[in-house]
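Single-letter residue listing:
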Amino acid sequence: MKQALSRLQLPKGSHNVILALAAVYIVYKYSQGYERLDKVVNQATKPAAQLWSDIDARLGGWSPVELTDLVIQPWYLNTSFVISDDAWEVLTRDANNRLMMKQLFDGRTLKSEYRHLVGQPIGNI
């Protein structure tokens, strides 16, 4: 029996390696549990966090951006009533404005019948 036990003994110092591996495994399992708990807590607190964010934003002066009527400012155009590339790009980002801009302009030149609208808010035409 003593001989059988002596054959099962681990090499000297290997018990430290086994303890270290066990510690790593335990930390790994705890971290998995922590991640699951973190996800549950995030989902549970999401409505309260959104409400707090909205309240804080309002108290800080934030208000939603509202799209206003299209205005073709005089400095968007050169003396030949050709709109700059930058102004065209900005003013045509909105789908409704894009349709209006294509009605108002012949290519990139403002049509003569709409030149009186420069600097004025333009509703639907």
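Residues numbered from 1 in each chain as written. Predicted model: local features only at pLDDT ≥ 70, side-chain atom pairs only at ≥ 80, totals over all residues. Heavy atoms only, no water.

Asks: Help me understand the layout of surface pockets in this model?
Replies: Sizing a probe to match a water molecule and rolling it over the atoms shows the empty space that remains. Each pocket or cavity is described by its volume, and for the largest pocket that value is around 160 Å³. What lines the largest pocket is Leu67, Thr68, Asp69, Leu70, Val71, Val90, Leu91, Arg93, Asp94 and Asn97. Elements represented by at least two residues in the lining of the largest pocket include exactly strand E1 (70–71) and helix H3 (85–91). A class-by-class count of the residues in the lining of the largest pocket yields five nonpolar, two polar and three charged. (1 Å grid on protein atoms, 1.4 Å probe; cavity = no way out; pocket = protein on both sides within 12 Å on 5 of 7 lines; lining within 4 Å. Points joined across faces, edges and corners; volume = space filled by probe spheres on them. Helix = DSSP H or I, 4+ residues; strand = E, 2+ residues; numbered from the N terminus. Nonpolar A, V, L, I, M, F, W, Y, C, P; charged D, E, K, R; others polar.)

Asks: Hey, could you run me through helix H2 (residues 14–59) in this one?
Replies: Because an α-helix packs 3.6 residues into every turn, residues spaced three or four apart end up facing the same way. Its 46 residues give H2 an end-to-end C-alpha distance of 62 Å, which sits within 8% of 68 Å, the value for a rise of 1.5 Å per residue. One or two residues past the end of H2 sits Gly61, with phi positive at roughly 95°. (Expected span 1.5 Å × (residues − 1).)

Asks: Is there a simple way to think about helix H4 (residues 95–104) in this case?
Replies: Those residues of H4 that fall on the buried side of the exposure criterion are Asn97, Met100, Met101 and Leu104. Relative to the axis of H4, the buried residues are bounded by an arc of 100° and lie together on one face. Summarising the geometry of H4, the exposed residues directed more than 90 degrees from the buried face are Leu99 and Lys102. For H4, the secondary structure elements touched by its buried residues are E1, H3, strand E2 (105–106), strand E3 (109–110) and strand E4 (121–122). (Buried < 20%, exposed > 50% of the residue type's maximum accessible area, 1.4 Å probe, protein only. Arc of directions from axis to C-beta. Contact = heavy atoms within 4.5 Å.)

Asks: Mind showing me how you'd approach the side chain of Thr92 here?
Replies: As for its placement among the helices and strands, Thr92 is situated in the loop between H3 and H4. By relative accessible area, Thr92 is classed as buried at 10%. In contact with Thr92, not counting residues within four places along its chain, are Arg98 and Met101.

Asks: What is the right way to look at the packing of aromatic side chains in this model?
Replies: Here a ring pair, both rings aromatic, is described through the centre-centre distance and the interplanar angle of the planes. Going through the model one piece at a time under the given rule, you end up with two aromatic pairs. Seen in terms of ring centroids, Trp88 and Phe105 are 5.5 Å apart; in terms of plane orientation they differ by 85°. Their pairing is edge-to-face. Taken together, the residues Trp88 in helix H3 and Phe105 in strand E2 connect sequence positions 17 residues apart. Using a relative accessible area of 4% as the deciding quantity, one classes Phe105 as buried. (Phe/Tyr/Trp six-rings, centres within 6.5 Å; stacked < 30°, edge-to-face > 60°.)

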